[in-house]
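Here is what each chain is made of, one letter per residue.
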Amino acid sequence: MSQKQEEENPAEETGEEKQDTQEKEGILPERAEEAKLKAKYPSLGQKPGGSDFLMKRLQKGQKYFDSGDYNMAKAKMKNKQLPSAGPDKNLVTGDHIPTPQDLPQRKSSLVTSKLAG
Amino acid sequence: WVGRGGGAGGGNDIQWCFSQVKGAVDDDVAEADIISTVEFNHSGELLATGDKGGRVVIFQQEQENKIQSHSRGEYNVYSTFQSHEPEFDYLKSLEIEEKINKIRWLPQKNAAQFLLSTNDKTIKLWKISERDKRPEGYNLKEEDGRYRDPTTVTTLRVPVFRPMDLMVEASPRRIFANAHTYHINSISINSDYETYLSADDLRINLWHLEITDRSFNIVDIKPANMEELTEVITAAEFHPNSCNTFVYSSSKGTIRLCDMRASALCDRHSKLFEEPEDPSNRSFFSEIISSISDVKFSHSGRYMMTRDYLSVKIWDLNMENRPVETYQVHEYLRSKLCSLYENDCIFDKFECCWNGSDSVVMTGSYNNFFRMFDRNTKRDITLEASRENNKPRTVLKPRKVCASGKRKKDEISVDSLDFNKKILHTAWHPKENIIAVATTNNLYIFQDKVN
């Protein structure tokens, strides 16, 4: 529903919202910014800040790999391409199956810093 | 400062001049070259940087040339080494970055220098030592190290030390590993010079510098049920004089001071520093922008400074209910929070630092701007780290951001700011007016004008 709204009125706010925003801008720029954000992402959690960010922060670096999933997917697609990474390599969900192509190449660690150049 | 009104500053005003810049000129920045930490040692003679590629570069100030004292000595490369390498923890499916999060120097006890460097998981103690002579004239070895055939040895001689070109060697002396489940954000050396703390998102550990196979957990804020998690530890530091006292800051804008004499596990704070918030001002962004990205004690130990997204606050350790001073770093960003949230800039972690006498504090901002606040005169200045128009000994021109309305000449509008050019790390020489400012991949050194 909200998606549709965005397409129809990509840059406009409804009349009521606009008035509201203007009022709020006079009082609190932060609140106006919040209204903007909620307009763009209505499903954004009710809890301000909160555990979503924190959990994401704690899970930094996590790269799950399930060899069972990977091999099943490979078997299903044996005549097609290997399962590919998808746009967001950092997505930590069950849907995304990491592949050997995902893993960053082990970097050469012997290049001298340019600060020392 | 170069005064706002254009007039010459008073006798105490500092005029900052460009001194040096280190790093590549080109705009195409390799990720490994992103500077992640900057730190002067206790004397200020050495300046260390760490980067995302796990490398440490140490610069040394050259001895002052007494005859031509245009400026204080320049900083030249002294040593560089690979401190950390990328790792993959197969057991936990965790990729461990080699990025150096923090470097802390130990005070010098003998000819060698020691520093601690840490990535997300492992802290290392590095010894940096000089070698300027080598033994020559062994009986049983050739000069290149190969052993001589003993039957060819017909005379005996005493090896002697001969001078050689200075070689600076860095060697890892201790590796403190496997004590952190979460990502290390801080290390801090105790004033006892024997122990240090390391802090991750949920725990703080106490180590002895000599002992690597054991560390004591002194703070643990992990909830029994992770779904109840509401805040994380963002920074921690030992008090500069009281070896039993340390502070840690949180993502909710609070600072807790703990006394290790009170109990082995310092989950209960001795003091809680928090500025009350007007609930009617609360928005979605309130908590995020209140998250403290850095906490630093003053050299005196009487005050501590915290940095949150928009401001720098000075707290008197004797007063918990509000800071004694608040300085706005870039208040004009408050009306840009929506886009700063969308591009993740709102999560940028800026650091802050004190000058040697605790009279001025400094922190970075966007567009390669950095800010200084004089606590006595209450004046502030915005300067830019840029290669343009920067000749040695020319005074830096103050910058001004125009928040709204008519932009004056030489001002820059908020919408023109480059949010990819962030100054997250700055350091102030412990004794002199020399500062090190890190842009994404360059290190700038500025000094005050010496007449």
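Residues numbered from 1 in each chain as written. Chains lettered and ligands numbered in written order. Predicted model: local features only at pLDDT ≥ 70, side-chain atom pairs only at ≥ 80, totals over all residues. Heavy atoms only, no water.

- Chain B appears in an unreviewed UniProt entry as Serine/threonine-protein phosphatase 2A 55 kDa regulatory subunit B from Pan troglodytes.
- In its Sequence similarities (unreviewed entry) section, UniProt records this for chain B: "Belongs to the phosphatase 2A regulatory subunit B family." (UniProt positions renumbered as here; feature names shortened; annotations may be inferred.)

- The name recorded for chain A in an unreviewed UniProt entry is Alpha-endosulfine, from Mustela putorius furo.
- Reading the Sequence similarities (unreviewed entry) entry of the UniProt record for chain A gives the comment "Belongs to the endosulfine family."

### Here's the deal with the interface of chain B and chain A
Piece 1. Taken together, the 59 residues of chain B in the interface contact 39 residues of chain A.
Piece 2. Summing the contributions of chain B and of chain A, the shared interface buries around 4100 Å²; its carbon and sulfur component is 56%.
Piece 3. On the chain B side of the interface with chain A, the three residues burying the most area are B:Glu95, B:Phe284 and B:Cys338, jointly 15% of the side's total.
Piece 4. One can count 6 salt bridges joining chain B with chain A.
Piece 5. For the interface between chain B and chain A, the tally reads 19 residue pairs in polar contact (both at pLDDT 80 or more). (Contact = heavy atoms within 4.5 Å. Buried area = accessible area lost by both parts, 1.4 Å probe. Salt bridge = Lys/Arg side-chain N within 4 Å of Asp/Glu carboxyl O. Polar contact = N/O pair within 3.5 Å; in protein donor to acceptor, adjacent residues only side chain to side chain.)

### Describing the environment of B:Lys102
Residue and element names in this part refer to chain B.
Piece 1. By the secondary structure assignment, Lys102 is in strand β8 (residues 102–105).
Piece 2. C-alpha of Lys102 to C-alpha of Lys349: the two residues are 247 residues apart in sequence and 13 Å apart in space.
Piece 3. Not counting the four nearest positions on each side in its chain, Lys102 is found in contact with Thr37, Leu116, Ser117, Thr118, Asn185, Ser186, Ile187 and Glu351.
Piece 4. At 3.1 Å, the side chain of Lys102 forms a polar contact with the backbone oxygen of Asn185. (Helix = DSSP H or I, 4+ residues; strand = E, 2+ residues; numbered from the N terminus.)

### So, the nonpolar core
Residue and element names in this part refer to chain B.
Piece 1. Ranked by size, the top nonpolar core spans 23 residues in total, and within it Tyr309, Leu333, Leu340, Ile346 and Leu417 carry the most contacts.
Piece 2. Elements with a minimum of two residues in this core: α1 (286–290) and α2 (337–342).
Piece 3. Considering every element that reaches this core, the biggest residue donor is α2, with 4 residues.
Piece 4. Listed in part, the 18 residues of the second largest apolar core include Ile14, Ile381, Trp428 and Phe446. (Core = buried A, V, L, I, M, F, W, Y, C linked by side-chain atoms within 4.5 Å. Buried < 20%, exposed > 50% of the residue type's maximum accessible area, 1.4 Å probe, protein only.)

### Some points on the sheet that holds strand β1 (residues 16–22) of chain B
All names here are of chain B.
Piece 1. Read from one edge to the other, the open sheet built from 4 strands follows the order β1-β32-β31-β30, with strand pairing classed as antiparallel. Both outer strands of the open sheet, β1 and β30 (425–428), are each paired with one neighbouring strand and no more. On average, each strand axis in the sheet is tilted by 20° relative to the strand beside it, whichever way the strands run.
Piece 2. One ladder, built from 6 bridges, connects β1 with strand β32 (residues 443–448); its direction is antiparallel. When the sheet's bridge partners are listed, Lys22 is paired in β32 with Leu443. (Pairing = 2+ DSSP bridges. Axes fitted to C-alpha atoms, helices over the stretch in contact; angles between N-to-C directions.)

### Thoughts on the packing of aromatic side chains
Residues and elements named next belong to chain B.
Piece 1. Summed over the entire model, instances satisfying the criterion amount to 22 aromatic pairs over all chains.
Piece 2. Arranged with centres 6.1 Å apart and planes meeting at 50°, the rings of Tyr341 and Phe347 form a pair that is tilted.
Piece 3. Residue Phe347 is classed as partly exposed on the basis of its relative accessible area, which comes to 30%.
Piece 4. Centroid distance Tyr444 to Phe446: 5.9 Å. Interplanar angle 10°. Geometry classified as stacked. Neither residue differs from the other here; Tyr444 and Phe446 are each classed as buried.
Piece 5. A connected cluster of aromatic rings, assembled from ring pairs, spans Phe18, Phe370, Tyr444 and Phe446.
Piece 6. When the ring centre of Tyr138 is taken as reference, the NZ or CZ atom of Lys141 above it lies at 4.7 Å. (Phe/Tyr/Trp six-rings, centres within 6.5 Å; stacked < 30°, edge-to-face > 60°. Lys NZ or Arg CZ within 6 Å of the ring centre and 35° of its normal.)

### Regarding the sheet that holds strand β13 (residues 195–199) of chain B
Residue and element names in this part refer to chain B.
Piece 1. Strand order in the open sheet formed by 4 strands is β12-β13-β14-β15, and the pairing between neighbours is antiparallel. Two strands in the sheet have a free side with no partner beyond their single neighbour: β12 (186–189) and β15 (211–220). Recorded for the sheet is a direction-independent mean angle of 25° between the axes of neighbouring strands.
Piece 2. The sheet contact formed by β13 and strand β14 (residues 203–208) spans 5 bridges and is antiparallel. Its bridge partner being in β14, Leu197 is matched across the sheet by Leu206.

### Some details on the confidence of the model for chain B
Residues and elements named next belong to chain B.
Piece 1. Per-chain confidence: chain B averages 92 in pLDDT, with 95% of residues scoring 70 or above.
Piece 2. A low-confidence stretch, residues 1–11 stays under pLDDT 50, and its non-local contacts, those more than four residues away or across chains, total 17 contacts.
Piece 3. For this predicted complex, the interface confidence reaches an ipTM of 0.77, while the overall pTM sits at 0.86. (pLDDT = per-residue confidence, 0-100.)

### A word on the pairing of strand β3 (residues 46–51) of chain B
All names here are of chain B.
Piece 1. The buried fraction of β3 amounts to 6 of the 6 residues, a majority that puts the element mostly inside the structure.
Piece 2. Alternating positions in β3 separate into two faces, Leu46, Ala48 and Gly50 on one and Leu47, Thr49 and Asp51 on the other, with burial throughout.
Piece 3. Adjacent in sequence and paired antiparallel, strand β2 (residues 35–40) and β3 are bridged by 5 residues, among which Gly44 carries a positive phi angle near 85°.
Piece 4. Here 5 bridges tie β3 to strand β4 (residues 55–61), and the two strands are oriented antiparallel to one another. The residue of β4 that forms the bridge with Ala48 is Ile58.
Piece 5. Count of turn residues in the β3/β4 antiparallel hairpin: 3 residues, of which Gly54 carries a positive phi of about 80°.

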